[in-house]
Amino acid sequence: PVPPVGAPIPASLLAPGAPLSAALGEVGLGVGAPGEDEADMGRLQAMLEARGFPPHLAGVLGPRMHHLILNRSMAPSTMSRAQQLLAGLQATGDESRQLQAVIEMCQLLVMGNEDTLAGFPVRQVVPALNVLLKMEHNFDLMNHAGRALTYMMEALPRSSAVIVDAIPTFLEKLQVIQCMDVAEQSLTALEMLSKKHNKAILHAKGVPACLMYLDFFSISAQNKALTVTANCCQGLLVEEYPLVSEALPVLSSRLVHDDKKSVDTACLALSRLADSYKHDSKKLTEIAREDILTNLQTLLVTQHVSPNTFTTCLHILVVFASN
């Protein structure tokens with residue numbers, strides 16, 4: 001039975017494992033974007049109906065559920081702390097205060113998740129961190145700002161939709177390397193962003209930027225740069241080819257590299273390139289360069305290649321041969 005509007009929600013409906021409790025648990029938490037509370041209510045109603053509850057239940061429970069959703073946010077102390085740290089990040093001219101604030105922001109984010117940080121002021125914090133990321137004279141500020149943005153994406157995955165605005169700044173750190181730690185931190189952030197925002201990186205000329213000083217990085221950072229490149233090679237349009245064509249010599253050389261992960265990622269990138277232009281014989285001919293063909297054939301007779309990469313290598317050659 002559905003409780004009247006003024007009555008409390010029965011404990012049996014909200015008990016662990018109860019259908020209503022389970023439905024509530026599936027409703028996503030917002031990160032402060034306008035309209036997300038209404039979206040949560042819409043998802044709640046759809047889930048209730050999918051679980052067999054009568055359609056009018058969401059209407060009856062609506063005011064109370066809306067109150068719960070609005071208040072499923074950070075504890076007051078955490079919210080207050082986030083606002084204090086935001087003020088510290090914005091303390092222009094006081095770099096020691098800004099540094100302390102960004103260090104503590106890193107600590108807050110690395111220990112948080114979508115539950116403990118629901119309501120976190122993403123849209124205010126990201127621009128403040130992006131400003132610090134541009135402070136070329138202060139390596140500590142830049143490095144910790146990059147870390148904070150990375151930790152934010154780990155704790156609040158939907159924040160990447162806001163952090164995407166920092167892509168040009170991250171790419172700048174790879175083109176003029178003043179501090180290797182900052183550059184490698186930028187690659188870590190770009191790798192995370194490339195999973196959902198590969199087109200934004202691609203159109204910001206991110207592929208040549210990531211590969212520009214590839215050999216100067218640690219092998220771990222090199223693999224992140226190659227992963228960004230591979231993600232940017234997915235579903236390319238004809239007009240996007242010039243944005244990736246400079247990567248071909250690097251990808252070719254990586255097919256016969258000593259590092260197994262580099263080989264795997266380079267092969268994946270070439271496979272995605274071939275698939276993108278499998279109906280464009282001109283572009284495919286450019287991709288099927290002599291050095292790439294030679295290195296792919298070498299890869300096929302290498303004993304240490306993984307089964308997945310062996311299959312991917314064969315797939316590339318089949319696409320080349322069929323055109």
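Residues numbered from 1 in each chain as written. Predicted model: local features only at pLDDT ≥ 70, side-chain atom pairs only at ≥ 80, totals over all residues. Heavy atoms only, no water.

1. Some remarks on the environment of Gln234
Position of Gln234 relative to the elements: it lies in the loop between helix H14 (219–232) and helix H15 (248–254). Considering only alpha carbons, one finds Gln234 and Ala269, 35 residues apart in sequence, at a separation of 8.1 Å. When sequence neighbours within four positions are dropped, the list of residues in contact with Gln234 reads Asn198, Lys199, Arg272 and Ser276. (Helix = DSSP H or I, 4+ residues; strand = E, 2+ residues; numbered from the N terminus. Contact = heavy atoms within 4.5 Å.)

2. Side note on the packing of helix H7 (residues 122–133) against helix H8 (residues 139–155)
For the pair H7 and H8, the least separation of the axes is 8 Å and the interaxial angle reads 150 degrees. Classed by the angle they form, the pair H7 and H8 counts as roughly antiparallel. At the point where H7 passes H8, the crossing takes the left-handed sense. Counting all contacts with H7, which are made through Val122, Val125, Val126, Leu129, Leu132 and Leu133, the residues of H8 involved are Leu141, Met142, Ala145, Gly146, Ala148, Leu149 and Met152. Considering only residue class, the contact of H7 with H8 consists of 12 nonpolar, 1 polar and no charged. (Axes fitted to C-alpha atoms, helices over the stretch in contact; angles between N-to-C directions. Parallel < 35°, antiparallel > 145°, perpendicular 65-115°, else oblique. Left-handed = near helix turned anticlockwise from the far one by under 90°. Nonpolar A, V, L, I, M, F, W, Y, C, P; charged D, E, K, R; others polar.)

3. Structural notes on the packing of aromatic side chains
Tallied over the entire structure, the rule returns 2 aromatic pairs. Centre to centre, the rings of Tyr213 and Phe216 are 6.0 Å apart; their planes meet at 75 degrees, and the pair counts as edge-to-face. On the accessibility criterion, Tyr213 (32% relative accessible area) is partly exposed. Note on Phe216: relative accessible area 62%, which makes it exposed. Between Tyr241 and Tyr277, the aromatic rings sit 5.5 Å apart at their centres with planes inclined by 90 degrees, giving edge-to-face as the arrangement. Of this pair, Tyr241 sits in the loop between H14 and H15 while Tyr277 sits in the loop between helix H16 (260–276) and helix H17 (281–287), placing them 36 residues apart in sequence. Across the pair, exposure class does not vary: Tyr241 and Tyr277 are buried alike. (Phe/Tyr/Trp six-rings, centres within 6.5 Å; stacked < 30°, edge-to-face > 60°. Buried < 20%, exposed > 50% of the residue type's maximum accessible area, 1.4 Å probe, protein only.)

4. Focus: the pattern of salt bridges
What the rule picks out here adds up to 6 salt bridges. Lys260 serves as the salt-bridge partner of Asp264, at 3.2 Å between the closest nitrogen and oxygen. One end of the pair is Asp264 and the other is Lys260, both in helix H16 and 4 residues apart, which spans about a single turn. Look at Lys260 and you get partly exposed, because its relative accessible area is 44%. Note that Asp291 and Arg289 form a salt bridge whose closest N and O atoms lie 2.8 Å from each other. You can call Asp291 partly exposed: its relative accessible area is 27%. (Salt bridge = Lys/Arg side-chain N within 4 Å of Asp/Glu carboxyl O.)

5. Here we look at empty space enclosed by the protein
Rolled over the atoms, a probe as big as a water molecule pinpoints where empty space is left. All chains considered together, the criterion is met by 1 cavity of 30 Å³ or more. Empty space within the largest cavity amounts to approximately 40 Å³. A class-by-class count of the residues in the lining of the largest cavity yields 6 nonpolar, 1 polar and 2 charged. (1 Å grid on protein atoms, 1.4 Å probe; cavity = no way out; pocket = protein on both sides within 12 Å on 5 of 7 lines; lining within 4 Å. Points joined across faces, edges and corners; volume = space filled by probe spheres on them.)

6. Overview of a nonpolar patch on the surface
Together, Met180, Met212, Tyr213 and Phe216 make up an exposed nonpolar region whose accessible area comes to about 390 Å². With respect to the helices and strands, the residue Met180 is situated in helix H11 (residues 180–193). Judged by relative accessible area, which is 31%, Met180 ranks as partly exposed. (Patch = residues over 30% accessible without salt bridge, like charges linked within 9 Å, V, L, I, M, F, W, Y side chains within 5 Å. Areas by Shrake-Rupley, 256 points an atom, 1.4 Å probe, with all protein chains shown as cover.)

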